[in-house]
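Close look at the chain arrangement
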Amino acid sequence: MLLQHPGHNHPCWQHPNQHLTIHQSHQPQEHDNHKKTRFYKSNSCSSLKQGTLFVFSTLPFIALTVLVFISSSPVTAAAAAPDSSSSQFVSFQTCFNLGKFHKVTTKLDSNRKTSMTTTRSLMMKVPLEKLTTYANSYAAAHGLQVQVMKKQQIEAATDSSSSSSVAAAASSSSYQCAPISLLPNVFPYSAFASAQELAPGFNLLVDRISQDGEFLIKTLGGEHGVISKDDYTRKLLELYTDIYMNDKDEDHDDDGAQKKKKKKKPNFAKEAAVLGIHRSDYMLHPTEEESEGGSDGGGYGLKQVELNTIAASFAGLAVNVAGLHKMLTERFGYELKDWLEMNEQIVMGVDYTPSPDVTQGVPINPALVNLPKAMSVAHEHYKSRFVAAQEHPVVILFVVQEGETNTVDQRMLEFQLWNNHQIPVVRMSLTRAKSQLQMDEDTGALYILPDVSEDGSYGSVPLKSEVSVVYFRAGYAPTDYPDGYDGIEWQSRELMERSRATKCPQLGYHLAGTKKVQQELARPGVLERFFEADGSKSDQVLPTVDLKQMRAAFAGLYSLGEDSVKEDLEAVKEAISGKEGDYVLKPQREGGGYNYYGEKLANKLKENITVQDDGSLTLGEDLAEFILMQRLFPPKQRAILLRGGLVEGTGDSISELGCFGTIVRSHEGEILQNEYAGFLLRTKFSNVDEGGVASGFATLSSPFLC
C-alpha cells in the first residue's frame, strides 16, 4: 500500500519554487449534469531532480521508506484522490511551500452558468504542513479527536463481564485528530437557511408518525413487506406494537377458545414523555431550471438524503471543526482567498457576486448548546412529575456501544450537561444494562444499581440512581444486539422502553426514521395527511410548517415491495437498463456501508427480478427490505482530507449537510420544545460512494456560506 505521511519530519525532497502536482482523471459514474474536472502539473523547473516518496506498509509498526530520485523532463504525478482501482497515492503535495493549481473545466451541464473551458492559476500562499500543524494543534486543544484503542484494548472493552475491564481499556487508550477536511466547503447560504427552516417541521412529522401505529404497521409490515425479510426491523415493530398498541390481555386463542391468561409485563411507556434528537441530512443537487442569479445557490437545490432519528452523532465534534475552520479562514484569509474563490465559483457559478445581505464565512454552530438544552428540558420535566423528594440521584443514561471510539463527541454532551445544567450522566452498554438496570414494577421508575466495589477499586456508579432520560447512542444496528433477538440486549431495550423514563428515541421515533417510511412519505398526499388535522393543544404555539418546502426537499424514492406502483417499476427498469448510476439501493440500516451502487446495484436488482413476456417486471420478495432512491449529484469541490492527523489526499470532493433538530413532547401531547439545533457537514472524495464518518468513508467539515 502506498501511504503518505505529511506534516512530519520525513526526508521528503522540497524546493521553494516546486509547484504542487496533481493529475486527476478518474470520473467513476460520471453524471451528465456534472462538470468533469482535471488537475495537472505545471512544472516550470524541468531541469530539477524530482523525487517521489513511497512508503510500503509491511509488518505492523514497521515501514520501509524508499526515496527514488529521477532525472528527467517534466513528470506527471499520480492521482491525489484515492482511486477506485488502486491504493491511496499522493506525491509532492505532502510538503510544499507554495501550491499552484491549473484548473481545466469542461462544461457538461447546459444549465450551469460556466464557460465551456476555463483555465486558472490558483495559489495557496501557505505551506500545507503549517495548516496541518495548526489543525492537529487545534484538535488537541479543543477535543476535536477520536479515541484510538489497540486490538487488545478493544477486546477488553467488549468483555462486558465487569465494568472494570471497560474502564481499564478506556484508561489506556490514546486520542488522535478526528477525520476532518482541512478547510471548509462552500455552501449556498440560501440552501443552508432552508435546511434550518425545515428542522422544526421534520421534528413534528416524526412525532406524529410515532403516534400512528396503523401507518407504521401498514408501511413496514405485511406478508411480503419489510419485516418479512428484515428481522431487525421486525423486532422493533413487534416491540412497538406490544408496548404501545396492545392494551388487552391475551386470554384467547385465534379461534376464540379460552386459554390460560398470560400475565402482562409492567408497562409505563405511555406515561413517559419523549425526546427527539434528529438529524436531517441533505445534499445539493442540480435544479431542473437554469439558475437566474448567483446568490440563489448557483443552480443547485436542497434534497434530503435521510432523516436520522436514533444516535444522530457528531454534534460535539462538528462544533469544534467549525471553530477550526473559522479560525483558519480568518487567520489565513489572504493566503486561502484563491482556494476559497475557486470552490465558490464551482458551487455558485462564475457569474456569482456576493450579496450584501449574506455574511460570508463559517457560521457559529449551536449544537453543543441546543442538544444538552433539550436533554435538560426533558430531565426537568421528568423531575417535576415524578421526583417530589429526591431519594436517589437523578441521572441521564447514555446507552453506548462496547469498544466505542467516538467517545469524545459523546463526552462533550455529557460535560455540557454538567457544566450548564448540573445533570450527571452514566454511560452503559445494552449488554451491561441487563444486570445493572432495574425497573420498579409499581411505579415504572428505572434505576441503575451501584457497582462500585467496597474498596473503590472498580465500578462507576457508587449509589443507586434514578434514570430521567435514556439517550441511545447505540442500538441502531443488529450488531448492537450480539446475544440474538431474544437475548439480553433486546431484553435491556424492552425494559428501558417499558419504564416511565423519557426515551431518546422511543420506538415510534426510531421506526419513523426507517428508509421505508421515508419512501412512503414521498408518495402523493402521505406527508400532507400528517398535518391535515392538528391534534395538538389549542393554546400551543407551533412552528409554521411549509409542506411545499418539505416536499420539495424529497428526492425520488421508490418502493421495491408488494406496494410498488407503476412509477416504482419504471425506476427499476431504468436502473437495470444502463442508468444504474442514477440510483442508490438502500436497506433499512444506519451507519454507512450497506448501500448498493452502480454495477452492484444493477446486479442485485436483476438477481431478484423476473421479466415477463410482455416486458413487465415482477419484483422478488428479497427486495422488500430495500428502497430505490434517486442518486444525488452535489458540486465537486477541491478538498484536502485528513485522517489520523495525516493528509489522506487532495482531490475532488462532495459534501452532505446535516441539520440537527430537537423536540420534547409530554405524555399528554404538549410540545415543550421544538427547534433547529445545529449543523454538521461531512465531506468525502467524489469517487467514494458511502458516506459514514465512523465507518471510515467520510470526514467532518463545515460550510463556508456564500
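The rules behind these values
Every chain begins its residue count from 1, and numbering advances along the sequence as written. Predicted model: local features are reported for residues with pLDDT of at least 70 only, side-chain atom pairs are reported and counted for 80 or more only, and whole-chain, interface and lining totals are derived from all residues. Hydrogens are left out, water is left out, and the side-chain values use all remaining heavy atoms of the structure. The numbering of helices and of strands both runs from the N terminus, where a helix is a DSSP run of H or I of at least 4 residues and a strand a run of E of at least 2. Burial classes: relative accessible area under 20% of the type maximum marks a residue as buried, over 50% as exposed, and values in between as partly exposed (1.4 Å probe, protein chains only). Here a residue-residue contact requires only that any non-hydrogen atoms of the pair lie within 4.5 Å. Each accessible area is a Shrake-Rupley estimate made with a 1.4 Å probe; only the visible protein chains count as cover when residues are assessed. Confidence scores labelled pLDDT are given residue by residue by the predictor and lie between 0 and 100. A pair of strands counts as paired when DSSP detects no fewer than two bridges linking them. In this description, a line fitted to the C-alpha atoms serves as the axis of each element, helices being fitted only across the stretch in contact, and the angle between N-to-C directions of two axes falls anywhere from 0 to 180 degrees. Contacts described as polar in this section are N or O atom pairs within 3.5 Å, which, within protein, must combine one atom able to donate a hydrogen with one able to accept it, while residues neighboring in sequence count only if both atoms come from side chains. Each reported salt bridge corresponds to a side-chain nitrogen of Lys or Arg within 4 Å of a carboxyl oxygen of Asp or Glu. In this scheme, a helix's expected span is set at 1.5 Å multiplied by one less than its residue total. Working rule for angles: under 35 degrees goes down as roughly parallel, over 145 as roughly antiparallel, 65 to 115 as roughly perpendicular, anything else as oblique. Gly is put with the polar residues, along with every residue not named as nonpolar or charged; the nonpolar set is Ala, Val, Leu, Ile, Met, Phe, Trp, Tyr, Cys and Pro, and the charged set is Asp, Glu, Lys and Arg.

The next point concerns the overall build of the protein chain. If you tally the helices and strands in the protein chain, you get 18 helices and 27 strands. Per-residue burial over the protein chain gives 55% buried out of 706 residues. When contacts within the protein chain are restricted to residue pairs at least 6 apart in sequence, those whose partners lie at least 24 apart make up 75%. Here the protein chain displays about 29,700 Å² of accessible surface, and carbon together with sulfur accounts for 49% of that area.

With that out of the way, let us pick up the confidence of the model for the protein chain. Counting all residues, the mean pLDDT for the protein chain is 80, and 72% of those residues have values of 70 or more. A low-confidence stretch, residues 1–122 stays under pLDDT 50, and its non-local contacts, those more than four residues away or across chains, total 264 contacts.

Right, let's talk about the sheet that holds strand 19 (residues 583–587) for a bit. Across the sheet, which stays open at both edges, the three strands sit in the order 18-22-19 with antiparallel pairing between neighbours. Looking at the sheet topology across the chains shown, the edges are occupied by strand 18 (557–559) and strand 19. Here the strands of the sheet are splayed against their neighbours by 30° on average, with no regard to which way each runs. For strand 18 and strand 22 (residues 626–630), the ladder comprises three bridges, and the chain directions are antiparallel. Note on strand 22: the bridge partner recorded for S559 is I627. Packed on one face of the sheet, helix 17 (residues 566–575) meets strand 18, strand 19 and strand 22 and runs near 100° to strand 18. Across the sheet, helix 18 (residues 598–607) is in contact with strand 19 and strand 22; its angle to strand 19 comes to roughly 65°.

In this section: the side chain of D338. Structurally, the position occupied by D338 is in helix 8 (residues 333–348). We classify D338 as buried; its relative accessible area is 18%. A distance of 3.0 Å separates polar atoms of two side chains, one belonging to D338 and the other to K125.

For strand 10 (residues 274–286), the tally of buried residues reaches 13 of 13 residues, placing the bulk of the element in the interior. Every second residue of strand 10 is oriented toward a common face, with V274, G276, H278, S280, Y282, L284 and P286 on one face and L275, I277, R279, D281, M283 and H285 on the other, all of them buried. Bridge count for strand 10 against strand 24 (residues 646–665) is nine bridges, and the pairing is antiparallel. Among the inter-strand pairings, H278 is bridged to a residue of strand 24, identified as G661.

Here the focus is the pattern of salt bridges. Scanning the entire structure with this criterion turns up 28 salt bridges. Linking D486 and K235 is a salt bridge whose minimum nitrogen-to-oxygen distance equals 4.0 Å. One end of the pair, D486, is in the loop between strand 16 (465–472) and helix 12 (488–498); the other, K235, is in helix 6 (residues 231–244), with 251 residues separating them in the sequence. For D486, a relative accessible area of 69% puts it in the exposed group. The shortest N-O distance in the salt bridge between R498 and E494 comes to 2.9 Å. Placement of both R498 and E494 in helix 12 is noted, with a separation of four residues, approximately one turn of the helix. Each member of the pair, R498 as well as E494, carries the same accessibility label: buried. Three or more residues are tied together by salt bridges with common partners; here these are K516, E520, R523, D563 and D568.

By the criterion of burial, strand 11 (residues 300–308) is predominantly enclosed, with eight of the nine residues buried. Note: strand 10 against strand 11, eight bridges, orientation antiparallel. Note that in strand 11 the partner of D281 across the bridge is E306.

With 20 residues, helix 9 (residues 367–386) extends 29 Å from end C-alpha to end C-alpha; this agrees with the ideal 28 Å at 1.5 Å per step. Within helix 9, burial applies to A367, L368, N370, L371, P372, A374, M375, S376, A378, H379, H381 and Y382.

Let us now look at the packing of helix 7 (residues 315–331) against helix 10 (residues 407–421). Direction vectors running N to C along helix 7 and helix 10 enclose 95°, while the axes themselves pass 7 Å from each other. Between helix 7 and helix 10, the angle is such that the two are roughly perpendicular. Contacts from A315, G316, L317 and N320 of helix 7 reach helix 10 at V408, D409 and M412. Among the residues forming the contact of helix 7 with helix 10, the class breakdown is four nonpolar, two polar and one charged.

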